[in-house]
Amino acid sequence: MIEIVGVRFRDTGKMYYFKPDGINLNIDDFVVVETTRGVECGKVVLANRRVNDDKVIAPLKTVIRKVTDNDIKKVDENRKKEKQAFNICLEKIAKHKLDMKLIDVEYTFDNNKILFYFTADGRIDFRELVKDLATVFKTRIELRQIGVRDEAKMLGGLGVCGKPFCCSTFLDDFHPVSIKMAKEQGMSLNPTKISGSCGRLMCCLKYEQEAYLDLLKNTPKIGAIVDTVEGRGVVEDLNLLTSKLSVKLDKNPDGPPIVVFVRDVKLIKDGKIKLEKEEIEKLKGLEEN
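Thresholds, definitions, all that
Residues numbered from 1 in each chain as written. Predicted model: local features only at pLDDT ≥ 70, side-chain atom pairs only at ≥ 80, totals over all residues. Heavy atoms only, no water. Axes fitted to C-alpha atoms, helices over the stretch in contact; angles between N-to-C directions. Helix = DSSP H or I, 4+ residues; strand = E, 2+ residues; numbered from the N terminus. Left-handed = near helix turned anticlockwise from the far one by under 90°. Contact = heavy atoms within 4.5 Å. Nonpolar A, V, L, I, M, F, W, Y, C, P; charged D, E, K, R; others polar. Core = buried A, V, L, I, M, F, W, Y, C linked by side-chain atoms within 4.5 Å. Buried < 20%, exposed > 50% of the residue type's maximum accessible area, 1.4 Å probe, protein only. Disulfide = S-S within 2.5 Å. Pairing = 2+ DSSP bridges. Right-handed = clockwise from strand over helix to strand, strands pointing away.

Would you mind going over the packing of helix α1 (residues 69-95) against helix α2 (residues 127-137) in detail, with residue names and values included?
Direction vectors running N to C along α1 and α2 enclose 140 degrees, while the axes themselves pass 10 Å from each other. For α1 against α2, the interelement crossing comes out right-handed. Residues Ala85, Ile88, Cys89, Lys92, Ile93 and Lys95 of α1 form the contact with α2, whose participating residues are Leu129, Asp132, Leu133, Val136 and Phe137. Counted by class, the contact of α1 with α2 contains eight nonpolar, no polar and three charged residues.

See below:
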């Protein structure tokens, strides 16, 4: 067993384990830690606890100290410098006529490096831009190209549900989302219905998938043959959350389907969820990061 604390460097960033080194820490404490890119300041999101050795990647970096008043002052100064650096970088991008969109700027706590996050279609030759920025800031410069999902996470906003983006509120990291998930959840495969503001498949399709798969175990799928109190028929539509089925009766093929609960039918032969080749090709771009 090894003692760890969980630290996050951005409100919506990934949590990392550190060795507390005898320091007792509580959630929301701010600490100065040693990282692979230098000394950084972060917030404790997981208090001291012991975990199995196989849960961590050794060797663990160490918590140096709880923040001091001077540390807090330095963080505030870095936030101000980041805004200035953002505007300067915008000017340099325009000067070099680069087809890239600057998203965010981040100073490391010790000011040994400035990271510029940007999006672009394809590869960008930014070597001259890096030289220009290094001349201005007199420190190490790193330009990091990110995807549209990372852009949405950094900038934030409201989703189609009217709530703040999941990625910018509580999701630590991105996970692969597939068109198959949308199909299994009974959603319309209309790009505007299943994609977020980033233009990619909505993150909620992933973290809700387990619940839908559990419901699918006990719900006849579209095309299934079932017996109802009014006779045998074929499932034409279903609502997994309400457990309701629309069934076209064999004895009344030209009539409207009846609506019944899953508990009130007997499954004779189940249907299958299929993704047509045309559907995959049409929506393939939505799965890209």
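Can you break down the nonpolar core residue by residue, with the values?
In this structure, Met100, Phe116, Leu133, Phe137 and Leu143 are the most contacted members of the largest nonpolar core, which totals 17 residues. Ignoring anything within four residues of it in the chain, the contact list for leucine 133 reads Cys89, Lys92, Phe116, Ile141 and Leu143. In this structure, Val177, Ile194, Met202 and Leu205 belong to the second largest nonpolar core, which totals twelve residues.

Could you give an account of unusual backbone geometry, with specific residues and numbers?
Generally, phi is negative for residues other than glycine and the peptide bonds are trans, each holding for most cases. Despite not being glycine, aspartate 21 shows a phi value in the positive range, around 55 degrees. With respect to the helices, strands and loops of the structure, aspartate 21 is situated in the loop between β2 (15-18) and β3 (30-35). The exposure class assigned to aspartate 21 is exposed, which follows from its relative accessible area of 55%. Even without being glycine, lysine 97 reaches a positive phi, approximately 55 degrees. Mapped onto the secondary structure, lysine 97 falls in the loop between α1 and β6 (101-107).

Can you tell me about the environment of arginine 123, naming the residues and giving the values?
By secondary structure assignment, the location of arginine 123 is in the loop between β7 (113-119) and α2. Note: C-alpha distance between arginine 123 and lysine 217 (94 residues apart in sequence) is 45 Å.

Hey, could you go over the state of the cysteines for me, with residue numbers and the actual values?
One pass over the full model with this rule turns up zero disulfides. Of all cysteine sulfurs in the structure, the one in cysteine 166 sits closest to cysteine 161, which takes part in no disulfide; the separation is 6.2 Å. For cysteine 161, a relative accessible area of 58% gives the class exposed. Its sulfur unpaired, cysteine 166 is 5.8 Å from the next cysteine sulfur, which belongs to cysteine 204.

Break down the pairing of β7 for me, with residues and values.
On a regular strand, each side chain points to the face opposite its neighbour's, so the side chains alternate between the two faces of the sheet. Burial analysis of β7 places seven of its seven residues in the buried class, the great majority of the element. In this structure, β6 lies alongside β7, joined through six bridges in antiparallel fashion. Each residue of the ladder has a partner; that of tyrosine 107, found in β7, is isoleucine 114. As consecutive antiparallel partners, β6 and β7 are separated by five residues, and within that stretch asparagine 111 has a phi angle of approximately 65 degrees, a positive value. The sheet contact formed by β7 and strand β8 (residues 140-145) spans six bridges and is parallel. Pairing of tyrosine 117 across the sheet is with arginine 144, part of β8. Traced from β7 through α2 to β8, the parallel crossover comes out right-handed.

Lay out the sheet that holds strand β13 (residues 266-269) in plain terms, naming residues and giving numbers.
Within the open sheet, the five strands sit side by side as β12-β11-β10-β9-β13. Their pairing is antiparallel. The open sheet terminates on both sides in strands that have one partner only, identified here as β12 (258-261) and β13. Across the sheet, the axes of successive neighbouring strands diverge by a mean angle of 45 degrees, strand direction being ignored. Bridge analysis of strand β11 (residues 244-249) against β12 gives four bridges, and the strand direction is antiparallel. Paired with valine 247 across the two strands is isoleucine 258, which belongs to β12.

Read these as layout, nothing more, since geometry by itself doesn't imply function.
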